[in-house]
Amino acid sequence: MKDSNFLKEHNGRLMWHPMTSPQDSVEQPPKIITGSSGVSVTDIDGHSVVDAVGGLWNVNLGYSCQPVKDAITSQLDRLPYYSTFRGTSNDAAIELSYELNAFFAPDGMSRAFFTSGGSDSVETGLRLARQYHKLRGEAGRTKFLSLKKGYHGTHMGGASVNGNANFRTAYEPLLPGCYHIPAPYTYRNPFNETDPAKLAQLCVQALEDEIAFQGAGTIAAMIMEPILGAGGVIPPHESFAPMVQEVCNRNGILLISDEVITGYGRTGAWSGARLWGIQPDMMCTAKAITNGYFPFGALMLGHRMVEVFEDNPSARIGHGYTYSGHPVGAAAALACLAETKRLNVVDNAAARGTQLYEGCLALQKKHDIIGDVRGGHGLMTAMEMVADRATKTPIDAAIASAVQDVAYQNGAMVRVSGPNLLLSPPLVLTEDDANTILTAIDAGLAAI
Ligand SMILES: *Cc1c(COP(=O)(O)O)cnc(C)c1O
């Protein structure tokens, strides 16, 4: 490693960082993380904090997960790469497809298509949805529906179904034929509805209206996160996802569950689909699939997809990535899945999730700046900060980032995105770790 003066001097200048401006990276140089242990990371000055962000919603088993590290190194020694394009395969990818099909069988999944990350899994799902309808002789079904506030990665297809202008405006024109339904966001919604069950019905009605307006025969798929993640951790009422599924089924529209965050236990259930008791047609997964140690993803496919593609000799999949089924990623995912099941991380995610959520509610009583606290389903929690509780005026970005900085000085890495303070720590968090996070946020809120 270069010395710290070199790294600090060049920090923020020579590489463009995602989700910020090049100028901002220079004016507010990013924290340089150089080490890790358990659920903590250490920066270049030796300051260690509990990582309440969990990498980026992905380091579910923490930074010291030896079985995943060993799987990566031994796979690198044996077979560092081989493709799964037509004509070849590799043993790790085959074994992983077997394990994942078993893991997601309760969600109705029975095939895997491997990718190199979440955006790839989304892109693959959108493409295969169109192909599915073409194979069935309904070539007119090309449009996509999604939720406002949804996040589906940053490829052109994903950006088109994203429901946040930040990821869209600068890149327009995006894919034509993408329409957005109001999100079941109780704190702010166009209906001024504060009852989550009633709001769920209103949003589903809006979905029905949009389908009727577009014509069901023009729509290929609806893509949706079981709990909106990057958009600010927005869990819908439990009736919402089953109602969406029913509407999609009734209208011949495929349902794609974007489980890039909710897959593999984060919500306190093994998947978001299982949390809500739905069976989607496809599930996009990535992030925690390798505990963040290797870029990898999997799109899981249910029976409708399987029947149409496998019964049709002309169903050639003209899509794939050089790293689809990468053996090192597959080996990492196999070890990660085994460890995830061995530790039964869902139980701890649920218990620590409740602790964090209740802790955040207690902080809301103490600090007026917290307008809304959302969570209650595993280790996905958000606090929405406001300048004024009565008017719900969003907080100034500089104040939000000050909260983050003081929390960091007090022992926790938290993430601020817009007005939201997002918490997505590793699922192996202890009770003490959760308390450290809450105390650090308390200090951050008190300081401003
Ligand atoms: C992170 C995320 C993606 C994109 O995944 P990348 O690995 O960043 O490409 C897609 N969908 C959801 C729900 C995500 O949270």
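Look above for the structure.
These numbers were taken from a predicted model, which means no experiment stands behind them.

Engineer: Is there a simple way to think about the overall build of the chain in this case?
Structural biologist: A count of helical and extended segments in the chain gives 15 helices and 16 strands. At 22 Å, the chain has a C-alpha radius of gyration in line with the 22 Å of a compact globule built from 448 residues. Referenced to the eigenvectors of the C-alpha coordinate spread, the extents of the chain come out at roughly 60 × 60 × 40 Å. For the chain, buried positions account for 54% of its 448 residues. Contacts spanning at least 24 positions in sequence make up 72% of the contacts within the chain whose residues lie at least 6 apart. Of the roughly 18900 Å² of accessible surface on the chain, a fraction of 53% belongs to carbon and sulfur atoms. Between the centroid of the 34 positive side chains of the chain and the centroid of its 44 negative side chains there is a distance of 4 Å.

Engineer: What should I look at first to understand the site of the ligand in this one?
Structural biologist: What surrounds the ligand is the set Gly117, Gly118, Ser119, Tyr151, His152, Gly153, Glu225, Asp258, Val260, Ile261 and Lys287. Contact between the ligand and Gly118: an oxygen atom at 2.9 Å from a main-chain N or O atom of the residue. Here Lys287 contributes a side-chain N or O atom positioned 2.7 Å from an oxygen atom of the ligand. When the ligand sits alone it has 380 Å² of accessible area, and the protein chains cover 81% of it. By residue class, the composition of the shell around the ligand is three nonpolar, five polar and three charged.

Engineer: Please clarify how the pairing of strand E16 (residues 420-423) should be interpreted in this entry.
Structural biologist: Along any regular strand the residues' side chains alternate between the sheet's two faces. What you see with E16 is no split at all: Asn420 and Leu422 on one side and Leu421 and Leu423 on the other are buried throughout. Two elements, strand E12 (residues 381-388) and E16, share four bridges in a ladder whose sense is antiparallel. Paired with Met383 across the strands is Leu421, a residue of E16. As paired elements, strand E15 (residues 415-417) and E16 share three bridges and run antiparallel to each other.

Engineer: What am I meant to see in the nonpolar core here?
Structural biologist: The nonpolar side chains of a soluble globular protein tend to be buried, and buried together. Leu100 and Met222 are the most contacted members of the largest nonpolar core, which has 96 residues in total. It is helix H12 (residues 327-342) that provides the largest number of residues to this core, a total of eight residues. Val122, Leu254, Ile256 and Ala286 belong to the second largest nonpolar core, which has 24 residues in total.

Rules used throughout
- Residues numbered from 1 in each chain as written.
- Predicted model: local features only at pLDDT ≥ 70, side-chain atom pairs only at ≥ 80, totals over all residues.
- Heavy atoms only, no water.
- Helix = DSSP H or I, 4+ residues; strand = E, 2+ residues; numbered from the N terminus.
- Rg over C-alpha atoms; globule rule 2.2 N^0.38 Å.
- Buried < 20%, exposed > 50% of the residue type's maximum accessible area, 1.4 Å probe, protein only.
- Contact = heavy atoms within 4.5 Å.
- Areas by Shrake-Rupley, 256 points an atom, 1.4 Å probe, with all protein chains shown as cover.
- Lys, Arg positive; Asp, Glu negative; His and termini not counted.
- Charge placed at Lys NZ, Arg CZ, Asp CG, Glu CD.
- Near = heavy atom within 4 Å.
- Polar contact = N/O pair within 3.5 Å; in protein donor to acceptor, adjacent residues only side chain to side chain.
- Nonpolar A, V, L, I, M, F, W, Y, C, P; charged D, E, K, R; others polar.
- Pairing = 2+ DSSP bridges.
- Core = buried A, V, L, I, M, F, W, Y, C linked by side-chain atoms within 4.5 Å.

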